[in-house]
Amino acid sequence: MPRNISTTLRRHKASPMRRFDRLPPDLRGWLRQAALCWSVRSAERVWFKELRRHGGDIGAALRRLDEIERCLLEKDAPRLWGRDYPGP
């Protein structure tokens, strides 16, 4: 009896959690406390780009992730909570 394995859906070779588990510990820690839901792929992209740019400086990569996240939150805050947020 044939199994139902015919599909047009893309198959993922590794589960997202496995990919997360393979991240460098400092990046995993940052993602755990991040205010936004980052994809592993986008976090990796920023992480490795900043490490190359700053000669392997982990602190610089973490600061850049913080900066990007802060900018995204500042951009979205007025739309989500109104222009007067956080108020006087």
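Scroll up a little and you will see the structure.
Source: prediction; values computed, not measured. (Residues numbered from 1 in each chain as written. Predicted model: local features only at pLDDT ≥ 70, side-chain atom pairs only at ≥ 80, totals over all residues. Heavy atoms only, no water.)

## Brief notes about the packing of helix 3 (residues 40–53) against helix 4 (residues 58–81)
Contact geometry of helix 3 with helix 4 gives a least axis separation of 8 Å together with a crossing angle of 135°. The orientation of helix 3 with respect to helix 4, classified from their angle, is oblique. Crossing of helix 3 over helix 4 shows right-handed handedness. When helix 3 is examined against helix 4, the residues Ala43, Val46, Trp47, Glu50 and Leu51 are found in contact with a partner set consisting of Ile58, Ala61, Leu62, Arg64, Leu65 and Ile68. Its residues assigned to classes, the contact of helix 3 with helix 4 shows nine nonpolar, no polar and two charged. (Axes fitted to C-alpha atoms, helices over the stretch in contact; angles between N-to-C directions. Helix = DSSP H or I, 4+ residues; strand = E, 2+ residues; numbered from the N terminus. Parallel < 35°, antiparallel > 145°, perpendicular 65-115°, else oblique. Left-handed = near helix turned anticlockwise from the far one by under 90°. Contact = heavy atoms within 4.5 Å. Nonpolar A, V, L, I, M, F, W, Y, C, P; charged D, E, K, R; others polar.)

## Some points on the nonpolar core
Formed by 15 residues in total, the largest nonpolar core has its most connected members in Leu23, Leu27, Trp30, Leu31, Trp38, Trp47 and Leu65. Contributions of two or more residues to this core are made by helix 2 (25–33), helix 3 and helix 4. Considering every element that reaches this core, the biggest residue donor is helix 3, with five residues. Once you skip the residues sitting within four places of it in the chain, leucine 65 turns out to touch Leu27, Trp30, Trp38, Ala43, Val46 and Trp47. (Core = buried A, V, L, I, M, F, W, Y, C linked by side-chain atoms within 4.5 Å. Buried < 20%, exposed > 50% of the residue type's maximum accessible area, 1.4 Å probe, protein only.)

## As for the packing of helix 2 against helix 3
Describing two packed helices takes the angle between their axes plus the distance from one axis to the other. Following both chains from N to C, one finds helix 2 and helix 3 inclined at 130°, their axes separated by 11 Å at the closest point. By the angle between their directions, the pair helix 2 and helix 3 is classed as oblique. The interaxial crossing formed by helix 2 with helix 3 has right-handed handedness. Between helix 2 and helix 3, the contacting residues are Asp26, Leu27 and Leu31 on the first element and Ala43, Glu44 and Trp47 on the second. Class assignment of the residues belonging to the contact of helix 2 with helix 3 gives a composition of four nonpolar, no polar and two charged.

## Details of the environment of arginine 53
Within the element layout of this structure, arginine 53 appears in helix 3. A polar side-chain atom of arginine 53 sits 3.3 Å from a polar atom in the side chain of glutamate 50. (Polar contact = N/O pair within 3.5 Å; in protein donor to acceptor, adjacent residues only side chain to side chain.)

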